[in-house]
Amino acid sequence: MSTDRTAARRITVDVEVDGRRRREEMAAQTVLLDLLRDRMGNTGVKASCERGVCGACTTLIDGVPTASCSVFAFSVDGCSVETVAGQARGGEPGPVQRAFAECGGFQCGYCTPGMVMLTTALLREHPEPTEEQIREWISSNICRCTGYAMIIDSVRRAAELTREEA
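Counting restarts for each chain, with residues numbered from 1 along the sequence as it is written. Per-residue local features of the predicted model are confined to residues with pLDDT of at least 70, and side-chain atom pairs are confined, for both listing and counting, to 80 or more; whole-chain, interface and lining totals are unaffected and use all residues. Each side-chain value is derived from all of the structure's non-hydrogen atoms; neither hydrogens nor water enter the calculation.

A.B. asks: Help me understand helix H2 (residues 95-103) in this model?
C.D. replies: Residues separated by three or four positions in an α-helix point in the same direction, a consequence of the helix having 3.6 residues per turn. Taken together, the buried positions of H2 are Pro 95, Val 96, Gln 97, Ala 99 and Phe 100. As for H2, its buried residues are in contact with helix H3 (112-125) and helix H5 (149-165). Helix and strand labels come from DSSP, where a helix needs a run of H or I of at least four residues and a strand needs a run of E of at least two; each type is numbered from the N terminus. Directly after H2, the chain includes Gly 104, whose backbone phi takes a positive value near 65°. The buried label applies to any residue whose accessible area, calculated with a 1.4 Å probe on protein chains only, is under 20% of its type's maximum; exposed applies above 50%, and partly exposed to all values in between. Contacts between residues were defined by any pair of non-hydrogen atoms, one from each residue, lying within 4.5 Å.

So, in C-alpha cells, the structure goes:
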C-alpha cells in the first residue's frame, strides 16, 4: 500500500471567534492568522512579520495574548479566540478602541489591532496598571510610527473608560 505524502492533510477545527462558534475544515498546516483572515474574512487581524515578533496579529486565545501567525489553527480547536473585531459593543467601538481613537494612539494604524488586544488582556489582569506594567505589556508589539507616548496615554484612558463602564 502506498501513500501520497504530497497530498495535503485536512483537519476540522471547532473554535469560538469573537463569541461566534465556527467549524472550519482546512489544511493541517494552516496557521490561525490565515484561518482568521482568509477563511473567516477577519482582516482586522494584521499580517506583518509572520514570525511572531511584531505583535500586529495578536489575538487572545482563551484570554492569553498570542501571535496568531505562530500558532497552528488545529491548536485552537475547542478554544475561544478574541480579535479586535470582537471588541465592539453593539456596533460601536469598545472602551479600548475608543481610548485609542481619543488619544491618538495610532498613526498608520497597523499595530493598533495588536495593541488593542494587548491592552484588553492587560486591563483584565491589572485594571489600574502602572506605567511600568503598561510598557511591559505593550513591549511585544512593535510600533514604527508613534514613539509609544500616545499609546501609553491610550492605555491609561482605556483603563479609565473600562472602570467607568464596569
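Back to the text.
A.B. asks: Would you mind going over the layout of surface pockets with me for this structure?
C.D. replies: Any space left empty among the atoms is revealed by the rolling of a water-sized probe across them. Both site types are read off a 1 Å grid over the protein atoms alone. A 1.4 Å probe that fits but cannot get out defines a cavity, while an open set with protein on both sides within 12 Å along at least five of seven lines defines a pocket; lining residues have an atom within 4 Å of a point. Grid points are joined across faces, edges and corners, and a volume is the space filled by probe spheres set on the points. Roughly 190 Å³ of volume is contained in the largest pocket. Lining the largest pocket are Glu 82, Gly 86, Gln 87, Arg 89, Gly 94, Pro 95, Val 96, Thr 120, Leu 123, Arg 124 and Thr 162. Broken down by secondary-structure element, the contributors of at least two residues to the lining of the largest pocket are H2 and H3. It is H3 that provides the largest number of residues to the lining of the largest pocket, a total of three residues. Residues were grouped as follows: Ala, Val, Leu, Ile, Met, Phe, Trp, Tyr, Cys and Pro as nonpolar; Asp, Glu, Lys and Arg as charged; and all remaining residues, including Gly, as polar. A breakdown of the residues in the lining of the largest pocket according to their chemical character gives three nonpolar, five polar and three charged.

A.B. asks: Before we go on, may I ask you to explain the packing of aromatic side chains in this structure?
C.D. replies: The geometry of an aromatic ring pair comes down to the distance between the two centres and the angle between the two planes. By convention, a stacked pair of Phe, Tyr or Trp rings (six-membered ring in the case of Trp) has centres within 6.5 Å and planes under 30 degrees apart, an edge-to-face pair has planes over 60 apart, and any other such pair is tilted. A complete count under the given rule lists one aromatic pair for this structure. Ring plane angle 10° and centroid distance 5.3 Å describe the contact between Phe 72 and Phe 74, whose orientation is recorded as stacked.

A.B. asks: I would appreciate a short explanation of the side chain of Thr 30 in the present structure.
C.D. replies: Residue placement: Thr 30 occurs in the loop between strand S2 (20-27) and helix H1 (32-39). Taking relative accessible area as the criterion, Thr 30 reaches 15% and is therefore assigned buried.

A.B. asks: How should the pairing of strand S1 (residues 10-17) be read in this particular structure?
C.D. replies: Consecutive side chains along a regular strand alternate between the two faces of the sheet. Every second residue of S1 is oriented toward a common face, the buried set being Ile 11, Val 13, Val 15 and Val 17 and the non-buried set Arg 10, Thr 12, Asp 14 and Glu 16. The hairpin formed by S1 and S2 contains two residues between the paired strands, and Asp 18 there has a positive phi angle of roughly 50°. Strand pairing is assigned whenever DSSP detects at least two bridges linking the two strands. With two bridges joining them, S1 and strand S5 (residues 80-82) adopt parallel strand pairing. When the sheet's bridge partners are listed, Val 17 is paired in S5 with Val 81.

A.B. asks: What exactly am I supposed to notice about the pattern of salt bridges here?
C.D. replies: Side chains bearing opposite charge may pair, as long as their charged atoms lie close to each other. For this document, the term salt bridge refers to a Lys or Arg side-chain nitrogen within 4 Å of an Asp or Glu carboxyl oxygen. A complete count under the given rule lists 13 salt bridges for this structure. Its salt-bridge partner being Arg 89, residue Glu 165 comes within 2.4 Å of it at the nearest N-O pair. Placement of the pair is Glu 165 in helix H5 and Arg 89 in the loop between S5 and H2, with a sequence separation of 76 residues. Taking relative accessible area as the criterion, Glu 165 reaches 40% and is therefore assigned partly exposed. The structure contains a network of salt bridges with shared partners spanning Glu 131, Arg 135, Asp 153 and Arg 156.

A.B. asks: What is the right way to read the environment of Glu 165 from this model?
C.D. replies: Between the C-alpha atom of Glu 165 and that of Ala 67, which follows or precedes it by 98 residues, the distance is 28 Å. If we ignore the near neighbours within four places in the chain, the residues touching Glu 165 are Arg 89, Pro 95 and Arg 98. Within the local environment of Glu 165, its side chain forms a polar contact with the side chain of Arg 89, the two groups lying 2.4 Å apart. The term polar contact refers here to a pair of N or O atoms within 3.5 Å; inside protein, the definition further demands a hydrogen-donor-capable atom paired with an acceptor-capable atom, and it admits residues adjacent in sequence only when both atoms are side-chain atoms.

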